[in-house]
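Spelled out from the first residue to the last, the chains are:
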Amino acid sequence: MLGSRTVFCVGLMPARAHEGSLLQRGVIMMSRNKGKALAIGIVLSLVVLLLLPVSVGAELPGYSAGWRDFSLNPVLGLGAAGSWNESATGAASVILDGSAYKMWVTGFKADGTSQIGYATSTNGKAWTPFAGNPLTTIGPGTVGSWNELGVGSPSVIKDGSLYRMWYTGYANVGGVLVPRIGYASSADGTTWTPAPGNPIIGQGAGGSFTESGVLSSAVILDSGAFKMWFTGRSAA
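(A) Molecular detail of unusual backbone geometry. Following N133, the chain continues to P134 via a peptide bond in cis, the omega torsion being 0°. With respect to the helices and strands, P134 occurs in the loop between strand 9 (127-129) and strand 10 (150-159). Backbone torsion omega between G139 and P140 reads 5°, so that peptide bond is classified as cis. With respect to the secondary-structure elements, P140 resides in the loop between strand 9 and strand 10. In this structure, S153 takes a positive phi of about 50° despite not being glycine. Its place among the elements puts S153 in strand 10. Owing to a relative accessible area of 1%, S153 belongs among the buried residues under this scheme. Despite not being glycine, S216 has its phi angle at roughly 50°, a positive value. Structurally, S216 can be placed in strand 14 (residues 213-222).

(B) Local environment of the pairing of strand 12 (residues 176-186). Most of strand 12 is tucked away, with 9 of its 11 residues classed as buried. With 11 bridges connecting them, strand 11 (residues 162-173) and strand 12 associate as antiparallel partners. Bridging across to strand 12, Y167 finds its partner in G182. Connecting strand 12 to the next strand, strand 13 (residues 192-194), in antiparallel fashion are 5 residues, including G189 with a positive phi near 85°.

(C) Quick look at the nonpolar core. Grouped together as the largest cluster of nonpolar side chains are 14 residues, with contacts concentrated most on W104, I116, L135, I138, M165, Y167 and W192. At the level of secondary structure, the elements contributing two or more residues to this core comprise strand 8 (114-121), strand 10 and strand 11. When residues of this core are assigned to their parent elements, the largest contribution, 3 residues, is made by strand 11. Leaving out residues up to four positions away in the same chain, I138 has contacts with I116, N147, V151, M165, Y167 and W192. Counting residues in hydrophobic clusters, the runner-up holds 12 residues, among them Y183, V219, M228 and F230.

(D) Representation of the packing of aromatic side chains. Evaluation of the coordinates by the stated rule reveals 8 aromatic pairs. Arranged with centres 6.4 Å apart and planes meeting at 80°, the rings of W104 and W192 form a pair that is edge-to-face. Placement of W104 in strand 7 (residues 100-108) and of W192 in strand 13 is noted, with a sequence separation of 88 residues between them. For the pair W104 and W192, a shared accessibility class is recorded, and that class is buried. Each ring, one from W166 and one from Y183, has its centre 4.7 Å from the other, and the planes form 55°; the classification is tilted. You can see W166 sitting in strand 11 and its partner Y183 sitting in strand 12, a full 17 residues away along the chain. Take W166 and Y183: they sit in the same class, and that class is buried. Of the aromatic side chains, those joined through ring pairs into one cluster are W104, Y118, F130, Y163 and W192.

(E) Seen up close, the pairing of strand 7. Of all 9 residues in strand 7, 7 are buried; the element is thus mostly enclosed. The sheet contact formed by strand 6 (residues 88-97) and strand 7 spans 8 bridges and is antiparallel. Looking at the pairing, S93 lines up with W104 of strand 7. As paired strands, strand 7 and strand 8 are joined by 8 bridges and run antiparallel to one another. Paired with G107 across the strands is Q115, a residue of strand 8. The loop that links strand 7 with its antiparallel partner strand 8 comprises 5 residues; one of these, G112, has a positive phi angle of about 95°.

Rules behind the numbers
- Residues numbered from 1 in each chain as written.
- Predicted model: local features only at pLDDT ≥ 70, side-chain atom pairs only at ≥ 80, totals over all residues.
- Heavy atoms only, no water.
- Helix = DSSP H or I, 4+ residues; strand = E, 2+ residues; numbered from the N terminus.
- Buried < 20%, exposed > 50% of the residue type's maximum accessible area, 1.4 Å probe, protein only.
- Pairing = 2+ DSSP bridges.
- Core = buried A, V, L, I, M, F, W, Y, C linked by side-chain atoms within 4.5 Å.
- Contact = heavy atoms within 4.5 Å.
- Phe/Tyr/Trp six-rings, centres within 6.5 Å; stacked < 30°, edge-to-face > 60°.

Set out below in structure tokens:
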């Protein structure tokens, strides 16, 4: 069920969420007024399997060649053994809030469980992880919940004084890993309140491009309307 609130997120999706499936892109446009939502599923492209990201890097604009890698990449690496991001770090969402860059990033444990962490920077290159990582108020949820196996691919914008996040949650549905999209809000960017109606976007009908789940949303606020692009999983 679609909610009336949405935000911005960009990032690579965890590889485990789409192994052996076809992925397609869709778009959703949502009005901020009175919770009315117009949902339009538009197939934009087919993509192939992505490798699990192992770290987060920065890119700086180049010249005629376009973009070039930052020489000190990665800007965020792996955590210590046993930590929430001991195996991989990726699928990040970054905003410029005043003079500070703020990043929400996906981390993976050795058992494959994913969680979301937070870091700040003054220049977008040197980052300081939040001492309270991971942000457990977002998930994973309890056994049987829509995000019981992990959360990731955050998409964050600041709307006035409120931070808004769209993110992917993973659950075991009939022995199959199913990703769905949820929403949360925060006053400070670190303590989040998930929407009580999560997930806000779930699986589509059989035969649709989202029949096996949805993930990796990216949302912008454009002239009073929230607009979302997301990935859909079809059956293998």
